[in-house]
Amino acid sequence: MHADFSYQIVGGLLLLYGYSHIEACRHGAQTIVALHRAQRSLAYRAAHDDLTGLPNRAAFYECLSEASEHLTRHRQKYAVFALDLDGFKDVNDAYGHATGDELLRQIAHRMRHALREGDVVARLGGDEFAVLQMPATEREAAIRLAERLIADVGVPYCIEGRSIGINVSVGIALAPECGDGEALLRAADAASYEAKRAGKGLYRLASPSCRWPLTA
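Residues numbered from 1 in each chain as written. Predicted model: local features only at pLDDT ≥ 70, side-chain atom pairs only at ≥ 80, totals over all residues. Heavy atoms only, no water.

1. Here's the deal with the pattern of salt bridges
By the definition in use, this model includes ten salt bridges. As a salt-bridge pair, Glu 69 and Arg 73 come within 3.3 Å of each other at their nearest N and O atoms. In this pair, Glu 69 and Arg 73 both sit in helix α2 (residues 57-73), four residues apart, roughly one turn of the helix. Across the pair, Arg 73 and Glu 69 agree in class, each one exposed. (Salt bridge = Lys/Arg side-chain N within 4 Å of Asp/Glu carboxyl O. Helix = DSSP H or I, 4+ residues; strand = E, 2+ residues; numbered from the N terminus. Buried < 20%, exposed > 50% of the residue type's maximum accessible area, 1.4 Å probe, protein only.)

In structure tokens, the structure reads:
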């Protein structure tokens with residue numbers, strides 16, 4: 001505000017510097033926020049299936065490992081389910097992969113809503129899913145969940161004006177009887193193949209030896 005022109009120039013430069021500094025800080029803050037968002041997005045995509053939004057195989061293994069350690073330490077029982085769709089390839093062959101993808105999205109949605117809070121469902125790949133039920137206080141609780149998943153998945157789907165029916169085979173492995181961690185998932189997977197060989201829309205419960213899956 002000084003009358004001398006030189007003071008006006010200095011004042012103008014100071015104002016310009018202050019404005020530039022504010023803009024640089026604002027831009028820097030926006031860049032940091034953008035980087036954090038990008039990192040969160042990458043972390044989410046690394047742990048989730050792009051098609052269904054469910055946790056992927058790697059994330060499920062990590063969750064299973066952590067849950068196994070925690071639940072075993074506290075002497076709590078839990079169950080792992082391996083789910084394999086019956087006839088999904090026929091749907092892809094008959095209606096195309098776009099219809100198959102939409103079917104997987106709708107199945108994932110139903111599975112997610114069939115679970116209790118705290119349980120985990122993941123897509124392992126293709127038409128294979130897995131569920132971690134924790135805790136599972138008794139065998140009957142695991143069986144009830146398997147029956148609910150089979151019933152919910154088995155309700156026909158409406159996709160592009162078509163009614164599409166599909167079933168799911170479920171294998172159940174209980175901890176600690178059938179081991180823990182990935183061994184439990186392998187036992188459940190073996191039981192699901194027994195269910196698939198027995199027919200459609202069935203479940204099988206892995207035996208404590210995890211060698212001969214049995215019916216409940």
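2. So, the sheet that holds strand β2 (residues 120-125)
The five strands are arranged β2-β3-β1-β6-β7 in an open sheet whose pairing can be described as mixed. Edge positions in the sheet fall to β2 and β7 (203-205), since each has one partner strand and no second. Adjacent strand axes in the sheet meet at a mean angle of 20°, parallel and antiparallel pairs treated alike. (Pairing = 2+ DSSP bridges. Axes fitted to C-alpha atoms, helices over the stretch in contact; angles between N-to-C directions.)

3. Remarks on unusual backbone geometry
The step from Met 134 to Pro 135 runs through a cis peptide bond, and the omega angle for that step is -15°. The amide bond that connects Ala 175 to the next residue, Pro 176, takes the cis arrangement and shows omega of 10°. Tracing the backbone through its elements, the reader meets Pro 176 in the loop between β6 (167-175) and α6 (181-198).

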